[in-house]
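# Structural description and commentary
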Amino acid sequence: MRSSPLPRMSRRGRVTIGVLIGVFVFFTLLGWGVNAWTDWLWFDEVRYTQVFTGVLATRLLLFLVIGLGMAAIVAGNLWLAYRLRPQLRPHSAEQATLERYRMLLSPRLGTWIALSSAVIGLFAGLSAQSRWSQWLLFRNGGSFGVKDPEFGIDVGFYVFQLPFWRYLLGVGFTAVVLALLGALAVHYIFGGVRLQGVGDRMTNAARAHLSSLVAVFVVLKAIAYVLDQRAMLLEYNEGAKLYGAGYADINALLPAKEILAWIAVVVAVAIIVFSNAWMRNLVWPGIALALLGVSAVAIGGIYPWAVQTFEVKPSARDKEAPYIERSIEATRAAFGLTGTKSTGYAADNLIPPASLATDTSVVQNVRLLDPQLVSETYTQLQQVRGFYDFGSKLDIDRYAVSGKTSDYVVGVREINYGELPNNNWINRHTVYTHGYGLVGAPANQVVCGGQPYFVSGFLGEKAQEACSSQTEQIPAQQPRIYYGERMEADDYAIVGQTGDRNVEFDRPTSTGGEQYYTYTGAGGVEIGSFTRRLLYAIKEQESNFLLSEAVNDDSKLLYVRNPRDRVEKVAPFLTLDGDPYPAVVNGRVLWIIDGYTTAATYPYAERVNLQAETADELTGRGTFQLARENVNYIRNSVKATVDAYDGTVKLYAFDDTDPVLKAWNKAFGGELVLPKGDIPPELAEHFRYPADLFKVQRNLLTKFHVTDPGDFYSGQDFWQVPNVPDAPDSGQKQPPYYLFTQFPGQESPRFQLTAAVTPNGRQNLAALVTGSYVDGRPQLEVLELPDQTRISGPTQVHQQMTNNGDIRQQLNLLSSNQAQVQYGNLLSLPFADGMLYVEPVYVKSSNQDAYPLLQKVLLSYGDGGSYVVLANNLSDGIKQLVEQGKRAATGSPPPSTGDNPPTTGGTSPPVLTGELAEAAGKVQSAIAEVKAAQASGDFERYGRALKALDEAMAAFQQAQAAANPSPGPAPSGSPSASPPASPSSSPSPNG
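The present account deals with the structure reproduced in this document. (Residues numbered from 1 in each chain as written. Predicted model: local features only at pLDDT ≥ 70, side-chain atom pairs only at ≥ 80, totals over all residues. Heavy atoms only, no water.)

### Some details on the overall build of the chain
In terms of helices and strands, the chain carries 26 helices and 35 strands. For the chain, the proportion of its 991 residues judged to be buried stands at 54%. When contacts within the chain are restricted to residue pairs at least 6 apart in sequence, those whose partners lie at least 24 apart make up 69%. Entry remark: accessible area of the chain is about 43000 Å², with carbon and sulfur atoms responsible for 55%. (Helix = DSSP H or I, 4+ residues; strand = E, 2+ residues; numbered from the N terminus. Buried < 20%, exposed > 50% of the residue type's maximum accessible area, 1.4 Å probe, protein only. Contact = heavy atoms within 4.5 Å. Areas by Shrake-Rupley, 256 points an atom, 1.4 Å probe, with all protein chains shown as cover.)

### Here we look at the sheet that holds strand 16 (residues 525–526)
Taken together, three strands build an open sheet; the order of strands is 13-17-16 and the sheet is antiparallel. Whereas interior strands pair on both sides, the edge strands pair on one side only; in this sheet they are strand 13 (493–495) and strand 16. (Pairing = 2+ DSSP bridges.)

### Some thoughts on the side chain of E504
Mapped onto the fold, E504 is located in strand 14 (residues 504–508). R480 is the oppositely charged side chain nearest to the buried, salt-bridge-free E504, at an N-O distance of 7.5 Å. There is a polar contact of 2.9 Å between the side chain of E504 and the backbone nitrogen of Y519. Ignoring anything within four residues of it in the chain, the contact list for E504 reads T430, V431, T433, H434, Y482, V495, G496, Q515, Y516, Y517, T518 and Y519. (Lys, Arg positive; Asp, Glu negative; His and termini not counted. Salt bridge = Lys/Arg side-chain N within 4 Å of Asp/Glu carboxyl O. Polar contact = N/O pair within 3.5 Å; in protein donor to acceptor, adjacent residues only side chain to side chain.)

### Focus: the sheet that holds strand 9 (residues 438–442)
The three strands are arranged 5-6-9 in an open sheet whose pairing can be described as antiparallel. Looking at strand neighbours, the two that pair on one side only are strand 5 (395–401) and strand 9, the edges of this open sheet. Recorded for the sheet is a direction-independent mean angle of 45° between the axes of neighbouring strands. Sheet topology places strand 5 next to strand 6 (residues 404–412); seven bridges connect them, and they run antiparallel. By the bridge assignment, R398 is partnered in strand 6 with D407. (Axes fitted to C-alpha atoms, helices over the stretch in contact; angles between N-to-C directions.)

### Some words on the packing of helix 5 (residues 132–140) against helix 18 (residues 659–667)
With their axes 9 Å apart at the nearest point, helix 5 and helix 18 run at an angle of 100° to one another. If you check the angle between helix 5 and helix 18, you find them roughly perpendicular. Contacts from W132, S133, L136, L137 and N140 in helix 5 reach A663, W664, K666 and A667 in helix 18. For the contact of helix 5 with helix 18, the residue count by class is six nonpolar, two polar and one charged. (Parallel < 35°, antiparallel > 145°, perpendicular 65-115°, else oblique. Nonpolar A, V, L, I, M, F, W, Y, C, P; charged D, E, K, R; others polar.)

### Side note on the pairing of strand 14
For strand 14, the tally of buried residues reaches five of five residues, placing the bulk of the element in the interior. Inspection of the sheet shows strand 14 paired to strand 15 (residues 514–517) by four bridges, in the antiparallel sense. Its bridge partner lying in strand 15, E504 is registered against Y517.

### Digging into the state of the cysteines
Using the criterion set out here, one finds one disulfide in the structure. Linked covalently through their sulfurs, C448 and C467 form a disulfide whose S-S length is 1.8 Å. Handedness of the C448-C467 disulfide follows from its S-S torsion of about -100°: it is left-handed. Taken together, the residues C448 in the loop between strand 10 (446–447) and strand 11 (451–452) and C467 in the loop between strand 11 and strand 12 (480–481) connect sequence positions 19 residues apart. Assessed through its relative accessible area of 39%, C448 is described here as partly exposed. (Disulfide = S-S within 2.5 Å.)

### A few points about a negative patch on the surface
Residues E325, E329, D708, D711, D717 and D787 make up a contiguous surface patch of negative charge. Relative to the elements of secondary structure, D711 occurs in helix 21 (residues 709–714). Taking relative accessible area as the criterion, D711 reaches 32% and is therefore assigned partly exposed. (Patch = residues over 30% accessible without salt bridge, like charges linked within 9 Å, V, L, I, M, F, W, Y side chains within 5 Å. Charge placed at Lys NZ, Arg CZ, Asp CG, Glu CD.)

### A word on empty space enclosed by the protein
Summed over the entire model, instances satisfying the criterion amount to seven cavities of 30 Å³ or more. In this structure, the largest cavity encloses a volume near 240 Å³. As for the largest cavity, its lining consists of 29 residues, of which K393, D579, L618, T623 and A691 are closest to the centre. Of all the secondary structure elements, the ones that give two or more residues to the lining of the largest cavity are strand 5, helix 17 (610–614), helix 20 (691–704) and strand 26 (737–741). (1 Å grid on protein atoms, 1.4 Å probe; cavity = no way out; pocket = protein on both sides within 12 Å on 5 of 7 lines; lining within 4 Å. Points joined across faces, edges and corners; volume = space filled by probe spheres on them.)

### Some points on the packing of helix 11 (residues 321–334) against helix 20
Where helix 11 contacts helix 20, the two axes come as close as 11 Å, and the packing angle between them is 160°. With respect to helix 20, the axis of helix 11 lies roughly antiparallel. In the crossing of helix 11 with helix 20, the sense of the turn from one axis to the other is left-handed. Within the contact between the two elements, helix 11 uses S327, I328, T331 and R332 and helix 20 uses L700, L701 and F704. Across the contact of helix 11 with helix 20, the residue classes tally to four nonpolar, two polar and one charged. (Left-handed = near helix turned anticlockwise from the far one by under 90°.)

### Quick look at the pairing of strand 23 (residues 633–643)
With 11 of its 11 residues buried, strand 23 lies for the most part within the structure. Relative to strand 23, strand 20 (residues 588–599) is paired through nine bridges, and the arrangement is antiparallel. Residue pairing in the sheet places W591 in a bridge with V642 of strand 23. What sits between the antiparallel neighbours strand 23 and strand 24 (residues 649–653) is a turn of five residues, in which G647 has the positive phi angle 75°.

Nothing here speaks to function; it is all geometry.
Next comes the structure, spelled out in structure tokens:
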């Protein structure tokens, strides 16, 4: 019975569908074209067109080669299956059913084959073009000069070659499987393969075709076994809890893979021979495939499991020792830990030494300003206009001012577009185009009741506030900020005006007016022509590019204005540090971004997730969160800079020995990254050890400081990174902190990144890890304390200091319903064979627009709890610690650490008379004023009250000394006009 024909669509319906498809294709191609054109213009602006063309050409090449190759394989096999169809087919119900499909396909078979192959090729090409980075490394990668410990193959094979070979193997498997399925379907439809009827169920031609495809699949499996042997050095070793092949892998699985590879070759030959040349049926080929499957399970699965279970587990420590040693050595090499300098530090001095009062290398450089807490202070005191902002965290850098180098807390005054007074298109994109000034303050100095002492970034020629420097101590010849961290993807700016009229808001003036400006920099894409305006109107979906008078013949468009995004676009092969920082270099404000080259196929090296390893209290609060990238090799190979005024991007090779960087530079013509010798000395002075790299290295050192395989297996000497001291239950790790100081074994003070670590499962201090640059080279150092040290770790020290009876009373006095106490970075500083701890104490009112002020400094020496003071400033605190040390040396009891007037023991205090009574009365009045000022939320009044309390207590102490010659406790009050600095990492508020 003849089946009814398929209904035909009307001509109008076909036209409608054709128009809709045409419109969709047009707008899709238009969008791609606009993005490609504007990308080219942007890359031409920054003069990195070789990146645009190199990536685009590579993507197109892979799309075409892999896509056409996949399409050709599938189409060829479909066509071959059709050509091998039998001319005569036996009559059966099955064939009668298939006849309607043959009638549908046969007239346009070429079209059907081309269409299906094109779809497969399209998806294969789209997948392939995303592998552009693997291909470029495959083509341009060189040698590491290091051989793997098992096969003696250069590490460059694993990093540059193996990933792409495995991808190609996957493409081969996919192509063969799709070709096999497609050919089987064609053979079935056209009678080459039958499920019903008498005689052979498969023609000789179909059998030869399909068996050949199966044989090719098995040959690819043999190649996969060979590559798997190399890839074993990258797998996780469950026995040793490390990456890299272990005892069972090398002695059981490795030979099993080789045996299976040969079996696969034999099976492939057997399939061809038994299917076509000898027995001409599928029984023996099926047996051969089953043999391969059974062998894979028995030889590749059961045998290695038996070796691991019955031979390795009972004596794993000894069996795995050589392979643990391989992992330790490879991990230390891959993550730059090999040159780590480890030094023992006894820390057996528990009494504050007198040299604390005269030290100039550690104590005088202690940083008290916390870059996270004082960001609010910077915003409130240096904001001037409500739309200026400094972000949620500032940065630490060092400058030489008046011949003295010290660290400074710096921030850039940027535009916060969410706070514009009238956030329309004109204001957002043509008027408020830039911020102004890099604001800096010495990290060890406060004034005016706890404020930073600002020395740069003033909006006028001179500072007007009495609490700031009267001259620019960090002068910038071009202080305008057109590119900054606060810029989002849609925060483009249109600059450039016709005539003498300036329309860009520049800064407020000292007379209360406003100054305007016109951009004169080289950055930006010219959009004066109608074509360019139309182009960007389509890109930004904004008609004002065509309609607004603000866009004229001299206009330029500044976009991709976030420095990190800018470098990421120029160098897409780099992993960028999450904390860019600004610096004034030769009068220009430059953003400095650390770039890392990474790999995930370094044999035997530990594999880590960058997002997890770099996350701590600061992540997302002023620092960018890194992507979830698994790596087992990393180098800080590039220092990138972005000019804050004109957006110029420069990439400097910092680790010029890195093979991965050499491969990338070669891939883009050899001149993409400037040589290390081109780094200006003035710029190099501002390089700092990158935080995210340091976190990864610090975390790895908690285990890989142990180099003995037996000790590593036991894990007894492992360390851990402590949680935030003032919020240990938060689960957030204590961030490392920058400070300019000198540690034992160092010849002079260095700007270094520091972190404390504790023993695994305990809270006492195990070691201090520091990262710094020595002669332009990175240097990791570990100051290791004895195993059973009495020295407390950061969490213990904070608890001991804040829970001290006298100190707790003072902290309670500082905090109230109207104010909260916030703790800055807790610094662990080795000094005079002991440990000095410093933690700044801030007070923040609960009033709107209040900001933290540094009011006190917590100090401790020794084991963290025996000698503790809460002082007005670092100088007073050091004096009190020294006094306590002197008392301890003479056997006298330690003095009170509080600010309250001392009282005698017994059931009732003695009656005070004369000058002593008058002085005590003034102290009580001063305390009452402090409480009243605190309740009012008036910080100026509060500062004056604390100063008055300090003077009253000093007078009381003098009167007491006159009445009783025995020494009394040292006074404490509000911070002086100039306390020194303290290192920082991350403070967290604690109310």
